Amino acid sequence: MKKRVIKHLFYTGGLMKKITILLTVFVLNFFVSSLFAKGNELGPKEKALYETIFSDGADKINKIENLLKEGANPNSFSKETEPFLGHVAYQAAYQNDFRIMDLFFKYKADVNLGLDSGDKRTALEVICESCREHQHAANVIEYLFKKDAKLATIIKYGSEFMKVAFHGCGESVKVFLKYKNQLKYDINEKDVEGETAFDHMIAAGNFEVAKLLKDNGATGELPSDQDFLNWKLANAVSKLDIKDVKSILKNGANPNAQYLKGIPDLEKGGKLGSYSEGESVFSMAVGMEGTIEIMKEMLKYK
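Residues numbered from 1 in each chain as written. Predicted model: local features only at pLDDT ≥ 70, side-chain atom pairs only at ≥ 80, totals over all residues. Heavy atoms only, no water.

### Some remarks on helix 13 (residues 207-215)
At step 1: When we look at burial in helix 13, the residues that qualify are Phe207, Val209, Ala210 and Leu213. For helix 13, the buried positions fall inside an angular range of 160 degrees around the axis, keeping them on one side.
At step 2: Contact partners of the buried residues in helix 13: helix 9 (160-166), helix 10 (170-178), helix 12 (197-203) and helix 14 (225-238).
At step 3: The first or second residue beyond helix 13 is Gly217, which carries a positive phi of 105 degrees. (Buried < 20%, exposed > 50% of the residue type's maximum accessible area, 1.4 Å probe, protein only. Helix = DSSP H or I, 4+ residues; strand = E, 2+ residues; numbered from the N terminus. Arc of directions from axis to C-beta. Contact = heavy atoms within 4.5 Å.)

Okay, structure coming up:
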């Protein structure tokens, strides 16, 4: 169809139109060819390896090992920026299965492939940026550190350490703290909004990790135990969890306390940030649907 259209235009136009059409087709073909050549410098074995990484089936691991044995390059990129190892690490973070990662390193995968290259990402960066999506991300991050993964020195949008903190990944932050002497990052690094990893852990309600950061040199003021208890109450109210509400109230939470902004959205990345303006946990419940029983419970403590 495309050829017919070009042919029609070519034979019905003037000389200048013909030249313009030929130049346009040439430039488009060159651009598309260059794009694919740059982004997919993959031989048949690498293409097969890439497809197998995303395949299912009991023989997946055997297929990957056979391809690596036959010379498929584990140090390849897909989509211009993603190392194959990044895709493998991403799957490991989801499944908590490191067999394919082990194979990649057996066949000389470079753990720091893409480091400080500008337009590419390392496997570590891939996992740090997606840590919130997978509960086993911390295990993969530690695995990569054991393989001597380095942190980027060209930082555009925050270091890997800041990324896991920004996404509220407390377990991953713990791993960074465990390897802090090896990594030598700035524990008080600030993001574009001037917030530190400590601030992000407070915002995520992860006071345990915030205390660990504080113990390791982070600056900032820890909320009191009462603040934390009130935070838990607001979070339980937001989930309409009457059982937790009763338990937290018995432990001393104050339904009249101002709650910290963003607490109800904890699981969606909400930020505590600062106290709400004059709104108590109880008044928050008043403005929600389905909280009659919860409000009755809180009235017992007013």
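### Examining the environment of Ser247
At step 1: Note on placement: Ser247 falls in helix 15 (residues 242-250).
At step 2: Under the relative-accessibility criterion, Ser247 is labelled partly exposed at 38%.
At step 3: Along the backbone, Ser247 and Leu233 are 14 residues apart, and their C-alpha atoms lie at a distance of 9.1 Å.

### Observations concerning the side chain of Lys163
At step 1: Mapped onto the fold, Lys163 is located in helix 9.
At step 2: A relative accessible area of 14% places Lys163 in the buried class.
At step 3: Contacts of Lys163, omitting those with residues within four sequence positions, involve Glu125, Cys128, Glu129, Tyr157 and Gly158.

### Here we look at unusual backbone geometry
At step 1: With phi around 75 degrees, Asp148 is a residue other than glycine that occupies positive phi space.
At step 2: Taking relative accessible area as the criterion, Asp148 reaches 37% and is therefore assigned partly exposed.
At step 3: You will see that Lys184, though not glycine, has its phi angle at about 55 degrees, which is positive.
At step 4: The class for Lys184 is exposed, based on a relative accessible area of 70%.

### Digging into the side chain of Ser76
At step 1: On the secondary structure map, Ser76 appears in the loop between helix 4 (60-69) and strand 1 (77-78).
At step 2: The contacts of Ser76, once residues within four sequence positions are left out, are Leu42, Glu46, Glu82, Pro83, Phe84 and Leu113.

### A word on the state of the cysteines
At step 1: Within this structure, the stated rule accounts for 1 disulfide.
At step 2: Cys131 shares a disulfide with Cys169; S-S distance 2.1 Å. Its S-S torsion of approximately 85 degrees makes the covalent link between Cys131 and Cys169 right-handed. Taken together, the residues span a long stretch of sequence, with Cys131 in the loop between helix 7 (123-129) and helix 8 (137-146) and Cys169 in the loop between helix 9 and helix 10 at a distance of 38 residues. The burial state of Cys131 is the same as that of Cys169; both residues are buried.
At step 3: There is no disulfide at Cys128, and the cysteine sulfur nearest it, in Cys131, is 6.8 Å away.
At step 4: Its relative accessible area of 0% is what places Cys128 among the buried residues. (Disulfide = S-S within 2.5 Å.)

### Points about the pattern of salt bridges
At step 1: With the rule as written, the count across this model stands at 12 salt bridges.
At step 2: We note a salt bridge from Arg121 to Glu82, for which the minimum N-O separation is 2.2 Å. Of this pair, Arg121 sits in the loop between helix 6 (99-106) and helix 7 while Glu82 is found in strand 2 (residues 82-83), placing the two residues 39 residues apart along the sequence.
At step 3: Between Lys174 and Glu208 there is a salt bridge, with its nearest N and O atoms 3.0 Å apart. You can see Lys174 sitting in helix 10 and its partner Glu208 sitting in helix 13, a full 34 residues away along the chain.
At step 4: According to the relative accessible area criterion, Glu208 is partly exposed, its value standing at 47%.
At step 5: One connected set of salt bridges, linked through shared partners, spans Glu82, Arg121, Glu129 and Lys163. (Salt bridge = Lys/Arg side-chain N within 4 Å of Asp/Glu carboxyl O.)

### Some thoughts on helix 5 (residues 84-95)
At step 1: Counted at 1.5 Å a residue, the expected span for helix 5 with its 12 residues is 16 Å, and the 17 Å between its end C-alpha atoms agrees.
At step 2: Along helix 5, the residues that are buried comprise Phe84, Leu85, Gly86, His87, Val88, Ala89, Gln91, Ala92 and Ala93. (Expected span 1.5 Å × (residues − 1).)

### Here we look at the environment of Val140
At step 1: By secondary structure assignment, the location of Val140 is in helix 8.
At step 2: The buried category is assigned to Val140, whose relative accessible area is 0%.
At step 3: Measuring from C-alpha to C-alpha, the distance between Val140 and Leu124 comes to 8.5 Å, with 16 residues separating the pair along the chain.
At step 4: With residues up to four places along the chain from it excluded, the contact list for Val140 reads Ala89, Ala92, Ala93, Phe98, Met101 and Ile127.

### Considering the packing of aromatic side chains
At step 1: The final tally for this structure, using the stated rule, is 12 aromatic pairs.
At step 2: Look at Phe145 and Phe176: their rings are 5.1 Å apart centre to centre, the planes differ by 90 degrees, and that puts the pair in the edge-to-face class. Taken as a pair, Phe145 in helix 8 and Phe176 in helix 10 lie far apart in primary sequence, 31 residues in all.
At step 3: Measuring from ring centre to ring centre gives 4.5 Å for Phe207 and Phe228, while their planes differ by 40 degrees; the resulting arrangement is tilted. Here Phe228 lies in helix 14 and Phe207 lies in helix 13, a separation of 21 residues in the sequence. (Phe/Tyr/Trp six-rings, centres within 6.5 Å; stacked < 30°, edge-to-face > 60°.)

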